[in-house]
Amino acid sequence: MPSAAGTAAAAGAIFIPLLMSIGVHPALAAAAVKCGTYGSMLNPGLAHNPFVAKIAGVDVMDVISFQMFANLASLLVATIGIVLVARFLKEDKGYVAEGLEIEEDFHVKPLYALMPVLPILILLVGSTGLVPALKMGVPHAMIIGAIITIAVTRANPSDLGKAFFEGMGKAYGSIIGIIISAGVFVAGLTSIGLVKAFISAMVDNPAIVKLCAAVGPFLLGLVTGSGDAATFAFNEAITPHAADFGLTSLQMGSMATLGGTLGRTISPIAGATIICAGIAGVNPIEITKRNGLPILAALLTGMIVLLF
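This one's a predicted model, so the numbers in the text were calculated from it and none came from an experiment.

Colleague: Describe the confidence of the model for the chain, naming the residues involved and giving the relevant values.
Modeller: With 87% of its residues at a pLDDT of 70 or more, the chain shows a mean pLDDT of 82. No element of the chain has a lower mean pLDDT than helix H9 (residues 194-203), which averages 67, and none a higher one than helix H2 (residues 26-35), which averages 92.

Written out as structure tokens, the structure reads:
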């Protein structure tokens, strides 16, 4: 899935409550899920990959193959980092989640247990091309999953329908509203010229262009919650001239894409962060506090792999 917000909504709804139920602190559970949302770097559908491919004159899969090791290495470092943060803060166990306790007479029903995962399975087999007919968006997969859940569990359709739309209403009130507010904030930054000035500063300083290729989009992604603007602008203006700075177009384009994507991953106003925070019931800033160091380490790791 090329959408970080879609990934957070689909995976977070399962993994965040699951982590909380085994004693992980809600903020840390949300941060762990948020750390993995930049898997879109390996997706041909991510808009930046074909853009870099066009500049470099190669196939989009060549771009993904080139940056694959950097992405996997940075993910490994981020994973280790979030585990160390959990241990240091002592938030990896001991939390008692209200409403997620296991009843004494509870028995696992494998088919029932599969239902929450069904939307993710639909998205995976559809997006990977295994079953092209199942290629669809998150809302469609969620609705199909709800319908199949009714058939399998023989639950009251009226009760399930009320719960479904109650969840949608809660999401709109407590999550989407915040995302809209974040969008207004970013529009304000753009209108006062901060975004344009930031991009111009990167373009006008060739001496530090190697550093700017990743750090520039990263910082702008952190501030705005989306690294797209800086990444596209940098790749359009600078990446075609990568050879002048001792880099290939693939190297520079991939560094800018990774930087912007990781900047979004660490941003407290990114849509995916707000969704994870809403599911966990915590402030988005708490997620950024916990995945800050792991994502910075991931950025450094990715830059090193791509440069050398």
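Colleague: Tell me about the state of the cysteines, and please be specific about residues and values.
Modeller: One pass over the structure, following the stated rule, counts zero disulfides. Cysteine Cys-35 shares no disulfide, and the gap to the nearest cysteine sulfur, in Cys-276, comes to 9.8 Å. Here Cys-35 falls in the buried class, since its relative accessible area comes to 4%. Residue classification places Cys-276 among the buried residues on the basis of a relative accessible area of 0%.

Colleague: Which residues make up unusual backbone geometry, and what values do they have?
Modeller: Look at Lys-90: it is not a glycine, yet its phi comes out positive at around 55°. Mapped onto the fold, Lys-90 is located in the loop between helix H4 (60-89) and helix H5 (110-114). Positive phi, close to 55°, is recorded for Arg-154, a residue that is not glycine. Residue placement: Arg-154 occurs in the loop between helix H7 (138-153) and helix H8 (157-191). Taking the relative accessible area as the measure of exposure, Arg-154 reaches 68% and is therefore exposed.

Colleague: Just give me the short version of the environment of Phe-164, but keep the residues and values in it.
Modeller: Summarising the element assignment, Phe-164 is placed in helix H8. The exposure class assigned to Phe-164 is partly exposed, which follows from its relative accessible area of 23%. It is 9.6 Å that separates the C-alpha atoms of Phe-164 and Met-142, two residues lying 22 residues apart in sequence. Sequence-distant contacts of Phe-164, that is, excluding residues within four places in its chain, are made with Met-142, Ile-143 and Ala-146.

Colleague: How would you summarise the packing of H4 against helix H12 (residues 249-266) if you had to cite specific residues and measurements?
Modeller: Any two packed helices are characterised by how steeply their axes cross, that is the angle between the axes, and by the distance between the axes. Where H4 meets H12, the axes come as close as 10 Å, and the angle between the chain directions of the two elements is 55°. Comparing their axes, H12 and H4 come out oblique. In the crossing of H4 with H12, the sense of the turn from one axis to the other is right-handed. Contact with H4, carried on its side by Val-63, Phe-66, Gln-67 and Asn-71, involves Leu-250, Gln-251, Ser-254 and Leu-258 of H12 and no other residues of that element. Looking at the contact of H4 with H12 residue by residue, the classes come out as four nonpolar, four polar and no charged.

Colleague: Residue-level account of H7, with values.
Modeller: Helix length check: H7, at 16 residues, gives a terminal C-alpha distance of 22 Å against a target of 22 Å (1.5 Å per residue), a fit within 8%. Residues Val-138, Ala-141, Gly-145, Ala-146, Thr-149 and Val-152 constitute the buried set of H7. Each buried residue of H7 sits inside an arc of 140° when the element is viewed along its axis, so together they form one side. Set apart from the buried face of H7 by more than 90 degrees, the exposed residues are Pro-139, Ile-147 and Ala-151. Phi for Arg-154, located one or two positions after H7, is positive at around 55°.

Colleague: An account of the pattern of salt bridges is requested, with residue identities and associated values reported.
Modeller: Taken as a whole and judged by the stated rule, the model has four salt bridges. One salt bridge in this structure joins Glu-91 and Arg-290, with 2.8 Å as the shortest N-O distance. Placement of the pair is Glu-91 in the loop between H4 and H5 and Arg-290 in helix H14 (residues 284-307), with a sequence separation of 199 residues. Both residues of the pair, Glu-91 and Arg-290, count as buried. The closest approach of N and O atoms between Lys-289 and Glu-286, which form a salt bridge, is 3.3 Å. Highlighted residues: Lys-289 and Glu-286, both in helix H14, separated by three residues, approximately one helical turn. Within the structure, one salt-bridge network assembled from shared partners comprises Glu-91, Glu-286, Lys-289 and Arg-290.

Here is what the cut-offs are and how they apply
Residues numbered from 1 in each chain as written. Predicted model: local features only at pLDDT ≥ 70, side-chain atom pairs only at ≥ 80, totals over all residues. Heavy atoms only, no water. pLDDT = per-residue confidence, 0-100. Helix = DSSP H or I, 4+ residues; strand = E, 2+ residues; numbered from the N terminus. Disulfide = S-S within 2.5 Å. Buried < 20%, exposed > 50% of the residue type's maximum accessible area, 1.4 Å probe, protein only. Contact = heavy atoms within 4.5 Å. Axes fitted to C-alpha atoms, helices over the stretch in contact; angles between N-to-C directions. Parallel < 35°, antiparallel > 145°, perpendicular 65-115°, else oblique. Left-handed = near helix turned anticlockwise from the far one by under 90°. Nonpolar A, V, L, I, M, F, W, Y, C, P; charged D, E, K, R; others polar. Expected span 1.5 Å × (residues − 1). Arc of directions from axis to C-beta. Salt bridge = Lys/Arg side-chain N within 4 Å of Asp/Glu carboxyl O.

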